[in-house]
Amino acid sequence: MSTFDKIKEIEAEMAKTQKNKATAYHLGTLKAKLAKLKREILTPAKSGGGPGEGFDVAGTGVARVGFVGFPSVGKSTLMSKMTGTFSEVSEVEFTTLTTVPGVLQYKGAKIQILDLPGIIEGAKDGKGRGRQVIAVARTCSLIFLVLDVLKPLTHKAVIEREMESVGIRLNKEPPNILFRKKDKGGINMTSTVNLTNLDQDVVRSVLSEYRIASADISFRCDATVDDLIDVIEGNRVYIPAVYVLNKIDQISIEELDLIYKIPHAVPVSAHHEWNFDELLEKMWEYLNLVRIYTKPKGQLPDYSAPVVLKKDKSSVYDFCDAIHRGILKEFSHALVWGSSVKHNPQKVGKEHILLDEDVVSIAKKK
């Protein structure tokens, strides 16, 4: 029996099994088996073949935004309008992947825009270029799910399910579970919260499916079986996503009000270029970036070319490293103007965390 047949068999058994406390152990085992089989499909074979043609994408810019959507939802129009409005790019930069329309310049940051074709069409089954597409999708900083506003919820559910099945978790935080395998000592399970979805037997059933006889496991959230499997697998990626609901020129104001209630959603019209400002602002917010301006000694700050950093890596050390590694060897201190300091300017060291639109002047050792 092939791996695909085994997956279908397990999914069929799960579908007909009622969910209750009596079947929790059985369902936990089935889910663990399913996760292992899916990993086999998505992990590329060790030998032969090499990467799929056209999918060895070189990283450009400070972040990467992947566009996903069914055909005829206006994805291509949206991408070309967004990149065409803000920045034209030579095709030489992206000769490895013809589906990349360009680079978006926004708030001084260069953001790579990627089309992810076919991630919906059987990608999770490893068909066609599925595996390579998934590999690229997993490297994205943000995913735009482009949906037709006239049928958003049906397409939304399909794409979410497909992403979930390939180990991509959208708009989720990693489960707060500490897991450590041991050589001996059995299963030691503790929790700081009341577990409503799991008990000792279900946890043991999942661990035994992975042939784990000894481990320390500490639950710091009300986790589900799926959360536990994600932690054991250890290969899940957690990516923010924005639902881009296109073609709002075809609906009424009342329907638009309803659409605004969908979490993480931004309604747009790619054809008329409506609401692009809100979409770009949401992109910036979800990418979690900060702009830091440089100020050479005795000169005015350079506001034309900010150094763009990730919010969780925005120390003075990271700032120096982003400009040139050699700066750190000669670093004495930095003078900072902006919201991260109590008075302007303030003398700080390498560990100081910078905030958006701070101005920094580096002083070298004498």
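The residue count restarts for each chain, going from 1 along the sequence in the order it is written. Local features in this predicted model are restricted to residues whose pLDDT is 70 or higher, and side-chain atom pairs enter the listing and the counts only when it is 80 or higher, whereas totals over whole chains, interfaces and linings include all residues. Side-chain metrics rest on all non-hydrogen atoms present in the structure, leaving aside hydrogens and water.

An unreviewed UniProt entry annotates the chain as GTP-binding protein rbg1 originating from Kickxella alabastrina.

Asker: Can you walk me through the overall build of the chain in this structure?
Answerer: Each helix is a run of H or I in the DSSP string that is no shorter than four residues. Each strand is a run of E no shorter than two, and both are numbered from the N terminus. Each helix and strand in the chain was counted, giving 11 helices and 16 strands. Looking at the chain residue by residue over its 366 residues, the buried ones come to 45%. Across the chain, every contact between residues at least 6 apart in sequence was considered, and the portion connecting residues at least 24 apart equals 67%. To sort residues, take the accessible area from a 1.4 Å probe on protein chains only and compare it with the maximum for the residue type: under 20% means buried, over 50% means exposed, and anything in between is partly exposed. The contact rule is simple, with two residues in contact once any of their heavy atoms fall within 4.5 Å.

Asker: Hey, could you run me through the environment of Leu150 in this one?
Answerer: Positionally, Leu150 belongs in the loop between β4 (142-148) and α5 (152-165). Separated by 98 residues in the primary sequence, Leu150 and Ile248 have C-alpha atoms spaced 8.5 Å apart. The residues contacting Leu150, other than those within four sequence positions of it, are Gln250 and Ile251.

Asker: Would you mind showing me how to read the nonpolar core here?
Answerer: It is characteristic of soluble globular proteins that their nonpolar side chains tend to be buried jointly. Among buried residues, those of type Ala, Val, Leu, Ile, Met, Phe, Trp, Tyr and Cys that are joined through side-chain atoms within 4.5 Å constitute a nonpolar core. Membership of the largest hydrophobic core comes to 29 residues, with the highest contact counts inside it found for Val65, Phe67, Leu78, Met82, Phe144, Leu279 and Met283. Counting residues per element, this core draws most heavily on helix α9 (residues 276-287), at 7 residues. In this structure Leu78 touches Phe67, Val146, Val244, Val268, Ala270, Phe276 and Leu279, once residues within four positions along its chain are discounted. Listed in part, the 28 residues of the second largest apolar core include Leu114, Val166, Tyr243 and Leu256.

Asker: What is the right way to look at the sheet that holds strand β8 (residues 215-219) in this model?
Answerer: Whenever strands of a sheet pair, they do so through backbone hydrogen bonds, lying parallel or antiparallel. The 3 strands are arranged β6-β8-β7 in an open sheet whose pairing can be described as mixed. Of all the strands in the sheet, the pair left with one neighbour each is β6 (177-181) and β7 (187-191). Recorded for the sheet is a direction-independent mean angle of 5 degrees between the axes of neighbouring strands. The sheet contact formed by β6 and β8 spans 5 bridges and is antiparallel. Looking at the pairing, Arg180 lines up with Asp216 of β8. The angle between two axes is taken between their N-to-C directions and runs from 0 to 180 degrees, where each axis is a line fitted to C-alpha atoms and a helix contributes only its stretch in contact. Running at roughly 135 degrees to β7, helix α6 (residues 200-209) makes contact with β6, β7 and β8 of the sheet. Those strands touched by helix α7 (residues 225-233) are β6 and β8, and its axis lies near 45 degrees from that of β6. Two strands pair if DSSP finds at least two bridges between them.

Asker: Would you mind showing me how to read the side chain of Lys295 here?
Answerer: By the element assignment, Lys295 lies in the loop between β12 (289-294) and β13 (302-310). A polar contact is formed between the side chain of Lys295 and the backbone oxygen of Gln299, at a distance of 2.9 Å. Excluding residues within four positions of it along the chain, Lys295 makes contact with Leu300, Pro301, Trp337, Val359, Val360 and Ser361. Pairs of N or O atoms are called polar contacts if they sit within 3.5 Å, as long as, within protein, a hydrogen donor faces a hydrogen acceptor (for residues adjacent in sequence, only side-chain-to-side-chain pairs).

Asker: It is not clear to me how the packing of α6 against α7 should be interpreted in this structure. Could you clarify?
Answerer: When two helices pack together, their arrangement is given by the angle between their axes and by how far apart the axes lie. Orientation of α6 relative to α7, taken along the N-to-C sense of each, is 35 degrees, at an axis distance of 11 Å. In this structure, α6 meets α7 at a crossing whose hand is right-handed. Across the interface between the two elements, Val202, Val203, Val206 and Leu207 from α6 touch Val225, Leu228, Ile229 and Ile232 from α7. Each residue receives one of three labels: charged for Asp, Glu, Lys and Arg, nonpolar for Ala, Val, Leu, Ile, Met, Phe, Trp, Tyr, Cys and Pro, and polar for the others, Gly being one of them. Among the residues making up the contact of α6 with α7, the classes are represented as 8 nonpolar, no polar and no charged. Left-handed describes a crossing whose near helix is turned anticlockwise from the far helix by less than a right angle; the clockwise case is right-handed.

Asker: Explanation requested: the pairing of β12 in the structure shown.
Answerer: Every regular strand shows the same layout, with side chains that alternate between the two sheet faces. Buried residues dominate β12, accounting for 5 of its 6 residues. Bridge count between β12 and β13: 5 bridges; the pairing is antiparallel. When the sheet's bridge partners are listed, Thr294 is paired in β13 with Asp302. Relative to strand β16 (residues 358-364), β12 runs parallel, the two being bridged by 3 bridges. Residue pairing across strands places Tyr293 opposite Val359, the latter belonging to β16.

Asker: Hey, could you run me through the layout of surface pockets in this one?
Answerer: Space left empty within the atom packing is revealed by a probe, the size of a water molecule, rolled over the atoms. The calculated volume of the second largest pocket comes to roughly 410 Å³. Cavities and pockets were defined on a 1 Å grid built over protein atoms only: a cavity is a set of grid points that admits a 1.4 Å probe from which the probe cannot escape, a pocket is an open set flanked by protein on both sides within 12 Å along at least five of seven lines, and lining residues are those with an atom within 4 Å of any such point. Lining the second largest pocket are 17 residues, with Asn20, Ala24, Asn197, Leu198 and Val225 sitting closest to its centre. Secondary-structure elements contributing two or more residues to the lining of the second largest pocket are α2 (24-42) and α7. At 4 residues, the largest contribution of residues to the lining of the second largest pocket is made by α2. Grid points are joined across faces, edges and corners, and a volume is the space filled by probe spheres set on the points.

Asker: Sorry, what's going on with the pattern of salt bridges here?
Answerer: A side chain of one charge can pair with a side chain of the opposite charge when the charged atoms of the two come close. Any carboxyl oxygen of Asp or Glu that lies within 4 Å of a side-chain nitrogen of Lys or Arg is treated as forming a salt bridge with it. Under the counting rule described, the total for this entry stands at 15 salt bridges. Linking Glu164 and Lys172 is a salt bridge whose minimum nitrogen-to-oxygen distance equals 3.4 Å. Glu164 gets classed as partly exposed once you look at its relative accessible area, which sits at 34%. Exposure remark for Lys172: the relative accessible area of 42% places this residue in the partly exposed category. Asp321 is the salt-bridge partner of Arg325, the closest N and O atoms lying 3.1 Å from each other. Given a relative accessible area of 28%, Asp321 falls into the partly exposed group. One network of salt bridges, in which partners are shared, links Glu164, Arg169, Lys172, Asp230 and Arg236.

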